[in-house]
Amino acid sequence: AGKVPVISDGELVMFESAAIMAYLADRYGDGVFIPPAGTPERGLYDQWSYFSACELEQPLWTIGKHKFALPAEHRLPEIFGTAGWEFQQALKILSQGLGDNEYLLGDHFSAVDILVAQTLNWGVMFKQPVEQPNLVAYLERLMARPARVAALQRETQALEDR
């Protein structure tokens with residue numbers, strides 16, 4: 001499908017970040033990174049997962065398409081203002097949903113926090129302001145997680161070794 005990311009696990013080949021995260025968490029997470037199916041917590045996990053892909057990421061992808069992904073003749077820089085406004089609306093909803101919690105599911109880190117934090121980070125890289133104090137603290141907390149820092153170091157080393 002020409003998508004990134006993509007994973008293969010045995011015979012299974014998957015694309016779409018949220019689906020990949022849920023699959024990996026269900027298959028290999030020993031119940032730590034995703035709540036069990038059919039529980040209210042899983043309902044909230046799914047809600048924030050779909051929100052991340054459909055509401056939070058969508059305006060960023062619109063910006064990305066019109067900056068670099070679409071052929072030049074199809075790019076519309078006029079769309080940046082609307083996309084930025086949409087991202088800000090999504091941030092308001094996310095901020096309300098997070099509230100005073102450490103993580104989206106309360107005090108328990110889950111795979112959906114990875115999805116949302118990476119999307120927030122993408123927004124920052126696209127120079128979209130994230131001004132809600134709870135979201136700023138959430139993003140800082142998640143970007144500093146030891147596993148993320150270690151993964152970035154491995155990625156940097158692999159790119160340097162090329």
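Scroll up to find the structure.
As the structure is a prediction and not an experimental result, all values here were calculated from the model.

> How do you make sense of the pattern of salt bridges when you look at a structure like this?
For the structure on display, the rule yields four salt bridges. For Asp46, the salt bridge goes to Arg42, with nearest N and O atoms at 3.4 Å. One end of the pair, Asp46, and the other, Arg42, are both in helix H2 (residues 40-69), four residues apart, so they sit about a helical turn from each other. Overall, the relative accessible area of 11% leaves Arg42 in the buried class. Several salt bridges share partner residues, and in doing so they unite Asp26, Arg42 and Asp46 into one network.

> Sorry if this is basic, but what is going on with the packing of aromatic side chains here?
Centre-to-centre distance and the angle between the planes together describe a pair of aromatic rings. Following the criterion strictly, the structure yields four aromatic pairs and no others. Note on Phe33 and Phe109: the rings are 6.3 Å apart at their centroids and 90° apart in plane angle, and the pair reads as edge-to-face. Residue Phe33 is located in the loop between helix H1 (17-28) and H2, and its partner Phe109 is located in the loop between helix H3 (79-98) and helix H4 (111-125); the two are separated by 76 residues in the primary sequence. Residue Phe33 is classed as partly exposed on the basis of its relative accessible area of 33%. Taking the centre distance of 5.3 Å and the plane angle of 65° together, the rings of Trp122 and Phe126 count as edge-to-face. One aromatic cluster is present, built from ring pairs that chain together Phe33, Tyr103 and Phe109.

> Explanation requested: unusual backbone geometry in the structure shown.
For residues other than glycine, phi is negative in most cases, and the peptide bonds are mostly trans. Positive phi, normally seen in glycine, also occurs at Glu16, with a value near 85°. Checked against the element boundaries, Glu16 lands in the loop between strand E2 (12-15) and H1. The backbone of Lys127 sits at a positive phi, close to 60°, despite the residue not being glycine. Relative to the elements of secondary structure, Lys127 occurs in the loop between H4 and helix H5 (133-143). Judged by its relative accessible area of 72%, Lys127 is exposed.

> Looking at this structure, how should I read the packing of H4 against H5?
What describes two packed helices is the angle between their axes and the distance between those same axes. Packing of H4 against H5 leaves a shortest axis separation of 10 Å and a crossing angle of 110°. Considering their axes alone, H4 and H5 lie roughly perpendicular with respect to each other. Between H4, through Asp113, Val116, Ala117, Gln118, Leu120, Asn121 and Val124, and H5, the contact on the second element is made entirely by Tyr138, Leu139, Leu142 and Met143. When grouped by side-chain class, the residues that make up the contact of H4 with H5 number eight nonpolar, two polar and one charged.

> Help me out: how do you make sense of the side chain of Gln88 in this one?
As for its position among the elements, Gln88 is in helix H3. We classify Gln88 as buried; its relative accessible area is 19%. Once residues lying within four places of it in the same chain are set aside, the contact partners of Gln88 are Gln128 and Pro129.

> Looking at this structure, how should I read the pairing of strand E1 (residues 6-9)?
Every other side chain in a regular strand lies on the same face of the sheet, so the side chains alternate between the two faces. Across four bridges, the pairing between E1 and E2 is antiparallel. Bridge assignment links Ile7 to a residue of E2, and that residue is Met14. Here E1 hands over to E2 after two residues, with Gly10 in that stretch at a positive phi of 65°.

> In this structure, what is going on with H1? I would like to understand it.
Over its 12 residues, H1 extends 16 Å from the first C-alpha to the last, a length consistent with the 16 Å expected when each residue adds 1.5 Å. Buried within H1 we find Ala18, Ile20, Met21, Ala22, Tyr23 and Ala25. Where H1 is buried, its residues contact E1, E2, H2 and H4. Residue Asp30 follows H1 closely and has a positive phi angle near 50°.

> Got a minute to help me understand the environment of Glu57 in this structure?
Position of Glu57 among the secondary structure elements: in helix H2. Residue class for Glu57 comes out partly exposed when judged on its relative accessible area of 27%. Along the backbone, Glu57 and Val136 are 79 residues apart, and their C-alpha atoms lie at a distance of 17 Å. Once you skip the residues sitting within four places of it in the chain, Glu57 turns out to touch Ser52, Thr119 and Trp122.

So, how was this worked out
- All residue numbers here refer to positions counted from 1 along the written sequence of the relevant chain.
- Side-chain atom pairs in this predicted model are given and counted only at pLDDT of 80 or more, local residue features only at pLDDT of at least 70, and totals for whole chains, interfaces and linings cover all residues.
- The side-chain figures draw on all heavy atoms in the structure; neither hydrogens nor water molecules are used.
- We define a salt bridge as a side-chain nitrogen of Lys or Arg found within 4 Å of a carboxyl oxygen belonging to Asp or Glu.
- Where helices and strands are cited, they refer to DSSP runs of H or I of at least four residues and of E of at least two residues respectively, numbered from the N terminus.
- Each residue's exposure class comes from its accessible area (1.4 Å probe, protein chains only) as a fraction of the maximum for that residue type: buried when under 20%, exposed when over 50%, partly exposed otherwise.
- Note on ring pairs: Phe, Tyr and Trp rings are taken, using the six-membered ring of Trp, and paired if centres are within 6.5 Å. Classes follow the plane angle, with under 30 degrees stacked, over 60 edge-to-face and the rest tilted.
- Comment: axis = line fitted to C-alpha atoms, over the contacting stretch for helices; angle = value between 0 and 180 degrees taken between N-to-C directions.
- In what follows, roughly perpendicular refers to angles from 65 to 115 degrees, roughly parallel to angles under 35, roughly antiparallel to angles over 145, and oblique to any angle outside these ranges.
- For this analysis, residues touch if any pair of their heavy atoms sits within 4.5 Å.
- Classes in brief: Ala, Val, Leu, Ile, Met, Phe, Trp, Tyr, Cys and Pro nonpolar; Asp, Glu, Lys and Arg charged; the others, Gly included, polar.
- Strand pairing requires that DSSP identify at least two bridges connecting the strands.
- Helices are assigned an expected span. That span is 1.5 Å times one less than the residue count.

In short, shape yes, function no, at least from these values alone.
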